[in-house]
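Observations on chain architecture
Here is what each chain is made of, one letter per residue.
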Amino acid sequence: MRVLGFNADLAPVADVWSNPDNTVIGDRAYSDDFAQAAELIPEAVRGFHSGGVATTLKHFPGHGDALTDSYTSGEIARRAVSAGVDILLCPSNPQAAVSALEEAVALGEISEERINQSVRRILAMKVNRGVLKLEG
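Residues numbered from 1 in each chain as written. Predicted model: local features only at pLDDT ≥ 70, side-chain atom pairs only at ≥ 80, totals over all residues. Heavy atoms only, no water.

Some thoughts on the overall build of the protein chain
Helix and strand content of the protein chain: 4 helices and 2 strands. N-terminal to C-terminal, the α/β element order of the protein chain is β-α-β-α-α-α. Burial analysis of the protein chain (136 residues in total) assigns 27% to the buried set. By sequence separation, contacts in the protein chain at least 24 residues apart represent 58% of the contacts at least 6 residues apart. Total accessible area on the protein chain is roughly 9,200 Å²; 56% of this is exposed by carbon and sulfur atoms. (Helix = DSSP H or I, 4+ residues; strand = E, 2+ residues; numbered from the N terminus. Buried < 20%, exposed > 50% of the residue type's maximum accessible area, 1.4 Å probe, protein only. Contact = heavy atoms within 4.5 Å. Areas by Shrake-Rupley, 256 points an atom, 1.4 Å probe, with all protein chains shown as cover.)

Some remarks on the confidence of the model for the protein chain
Scored by pLDDT, the protein chain comes out at a mean of 88, with 96% of its residues at no less than 70. At the level of individual helices and strands, the protein chain shows its lowest average pLDDT in strand E1 (residues 8-9), which scores 88, and its highest in helix H3 (residues 94-106), which scores 97. (pLDDT = per-residue confidence, 0-100.)

Focus: a nonpolar patch on the surface
Together, Val119, Leu123, Val127, Val131, Leu132 and Leu134 make up a nonpolar patch on the protein surface, roughly 490 Å² of accessible area in all. Turning to its location among the elements, Leu134 is positioned in the segment after helix H4 (112-128). Exposure remark for Leu134: the relative accessible area of 68% places this residue in the exposed category. (Patch = residues over 30% accessible without salt bridge, like charges linked within 9 Å, V, L, I, M, F, W, Y side chains within 5 Å. Salt bridge = Lys/Arg side-chain N within 4 Å of Asp/Glu carboxyl O.)

Structural data, given as structure tokens:
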């Protein structure tokens, strides 16, 4: 991918194909076995990185299965950022997600430093991949 000019990929799909009726994941999942997926996915990440390509693990905890039926966009955002997620991909209600994170910071549930950690990781990835150049 790097040879073709790509420095990032929205992959690998870290889902386990645990629901055969969910054809969205299908053969993009590394396995239908949790233990096997846990072994294969980190190896895929290492392969991308050794080739100079950044990765994005995605679809936790399962594309189209469990999450938005049980939680609001705000709850998902709070829990995800609290767990260490740096970027949320397409919350169903982006403004609710932003508002919930602002409220969580205001209430001290999520520290401003935690938000700054994500910003620093995102910026570092962009600098390391040549997407952003620092002056000076």
